Amino acid sequence: MTTTAREYLVNRFQTDAAVLRERVALMARGTNVPGPDAMTSSRMADACDDVVAMLMAMASSGDADAELDATMALVPLLERRASEQQSNPAVRSVYAGAATRIREVRSAEAQSAQADGTSSAELDDTDIADDALDHGDDVDDLDDDVDDDVIVFDEEDDSADGSK
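Keep in mind that this is a model prediction, so the values were computed, not measured.

A separate point is the overall build of the protein chain. A tally of regular secondary structure across the protein chain gives seven helices and zero strands. For the protein chain, the succession of helices and strands along the chain, N to C, is α-α-α-α-α-α-α. Taking all 164 residues of the protein chain together, the buried fraction comes to 37%. When contacts within the protein chain are restricted to residue pairs at least 6 apart in sequence, long-range pairs at least 24 apart make up 66% of them. As displayed, the protein chain has an accessible area near 9,000 Å², and 46% of this comes from carbon and sulfur atoms.

Put into structure tokens, the structure is as follows:
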């Protein structure tokens, strides 16, 4: 079964929210967990839910290209939400990270199309320049605010805490 870009992103941010909420639960039980405090983790989980809601609000047309275009249209909204969170870098990183993930998915789709023999002209300007992917505010890049072990997911993980 092929996963669409939208399904991939929804799954990623739902999983991020679940892991962040598990962090909150661990801290509530008195477990010392590196990374953001419980309140910040909860706010980050809420931001992940907000990203999922944006993705789910898009009408599914069954056309993967149209769905990817609609997903790309969320980037300005996500960037605006990120800029509104200047006082909360961890939450800002969720929104900025979502915009970055969308750009990366779009770039991967463009590269895949080229590998399948689609000419550059047929890609309709979908090939994103590498410098457009680096925004500096990414969930995985805020080591001072977020422990990478909490955010980076192995697709073979069977549980929310990353254990096998």
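Moving on, there is more to tell.
The subject of this paragraph is helix H4 (residues 75-83). Residues of H4 that are buried: Val75, Leu78 and Ala82. The arc that holds the buried residues of H4, viewed along the axis, is 65°, so those residues lie on one side.

Applying the stated criterion to the full structure yields nine salt bridges. Arg6 is the partner of Glu67 in a salt bridge, and the nearest nitrogen-oxygen pair spans 3.9 Å. On the criterion of sequence distance, the pair formed by Glu67 in helix H3 (residues 64-72) and Arg6 in helix H1 (residues 5-28) is long-range, its members being 61 residues apart. On the basis of relative accessibility, which here comes to 11%, the residue Arg6 falls in the buried class.

Time to look at the packing of H1 against helix H5 (residues 89-115). Taken N-terminus to C-terminus, the directions of H1 and H5 make an angle of 150°; their axes are 11 Å apart at the nearest point. With respect to their mutual orientation, H1 and H5 come out roughly antiparallel. H1 and H5 meet at a crossing whose hand is right-handed. Here Ala5, Tyr8, Leu9, Arg12 and Phe13 of H1 lie close against H5, whose contacting residues are Val94, Gly97, Ala98, Arg101, Ile102 and Val105. Looking at the contact of H1 with H5 residue by residue, the class counts come to eight nonpolar, one polar and two charged.

As a further point, take the environment of Ala38. Topologically, Ala38 is positioned in helix H2 (residues 38-57). Classification of Ala38 as partly exposed rests on a relative accessible area of 28%. The sequence separation of Ala38 and Leu26 amounts to 12 residues, and the corresponding C-alpha distance is 9.1 Å. Sequence-distant contacts of Ala38, that is, excluding residues within four places in its chain, are made with Val24 and Met27.

Its location among the elements puts Thr71 in helix H3. Residue classification places Thr71 among the buried residues on the basis of a relative accessible area of 1%. Leave out the neighbours within four places in its chain, and Thr71 touches Arg6, Leu9, Leu55, Met58 and Ile102.

Moving on: the packing of H3 against H5. Running from N to C, H3 and H5 cross one another at 150°; their axes reach a closest spacing of 10 Å. Judged by the angle between their axes, H3 and H5 are roughly antiparallel. By crossing handedness, the relation of H3 to H5 is classed as left-handed. Facing Leu68, Asp69, Thr71 and Met72 of H3, the residues of H5 in contact are Ile102, Arg103, Val105, Arg106 and Glu109. Among the residues forming the contact of H3 with H5, the class breakdown is four nonpolar, one polar and four charged.

As a further point, take the nonpolar core. With 29 residues, the main nonpolar core has Phe13, Val51, Leu74, Leu78, Val94 and Tyr95 as its most contacted residues. Elements with a minimum of two residues in this core: H1, H2, H4 and H5. Non-local contacts of Phe13, meaning those with residues more than four positions away in its chain, are made with Cys48, Val51, Val52, Val94, Gly97, Ala98 and Arg101.

The rules behind these values
Throughout this document, residue positions are counted from 1 along each chain, in the order its sequence is written. Only residues with pLDDT of at least 70 get local features here, since the model is predicted, and only at 80 or more are side-chain atom pairs given and counted; chain-wide, interface and lining totals rely on the full set of residues. Working from all heavy atoms in the structure, the side-chain values ignore hydrogens and water. Secondary structure elements are defined from DSSP: runs of H or I of at least 4 residues count as helices, runs of E of at least 2 residues count as strands, and each element is numbered from the N terminus. Burial classification: accessible surface area is computed with a 1.4 Å probe over protein chains only, and a residue below 20% of its type maximum counts as buried, one above 50% as exposed, and the rest as partly exposed. Only heavy atoms enter the contact rule, under which two residues are in contact if any of them lie within 4.5 Å. In short, Shrake-Rupley with a 1.4 Å probe defines the accessible areas, and a residue's cover is counted only from the protein chains shown. Arc definition: it is the arc formed by the directions from the helix axis to the C-beta atoms. Definition used for salt bridges: Asp or Glu carboxyl oxygen within 4 Å of a side-chain nitrogen of Lys or Arg. Lines fitted to C-alpha atoms define the axes here, with helix axes fitted over just the stretch in contact, and angles between the N-to-C directions of these axes take values from 0 to 180 degrees. Any angle from 65 to 115 degrees is called roughly perpendicular, while one under 35 is roughly parallel, one over 145 is roughly antiparallel, and all others are oblique. Note: crossing handedness is left-handed where the near helix turns anticlockwise from the far helix by less than a right angle, and right-handed where it turns clockwise. Only Asp, Glu, Lys and Arg are considered charged in this grouping, and only Ala, Val, Leu, Ile, Met, Phe, Trp, Tyr, Cys and Pro are considered nonpolar; every other residue, Gly among them, is considered polar. Here the nonpolar core consists of buried residues drawn from Ala, Val, Leu, Ile, Met, Phe, Trp, Tyr and Cys, with membership extended through side-chain atoms lying within 4.5 Å.

Geometry only, nothing functional implied.
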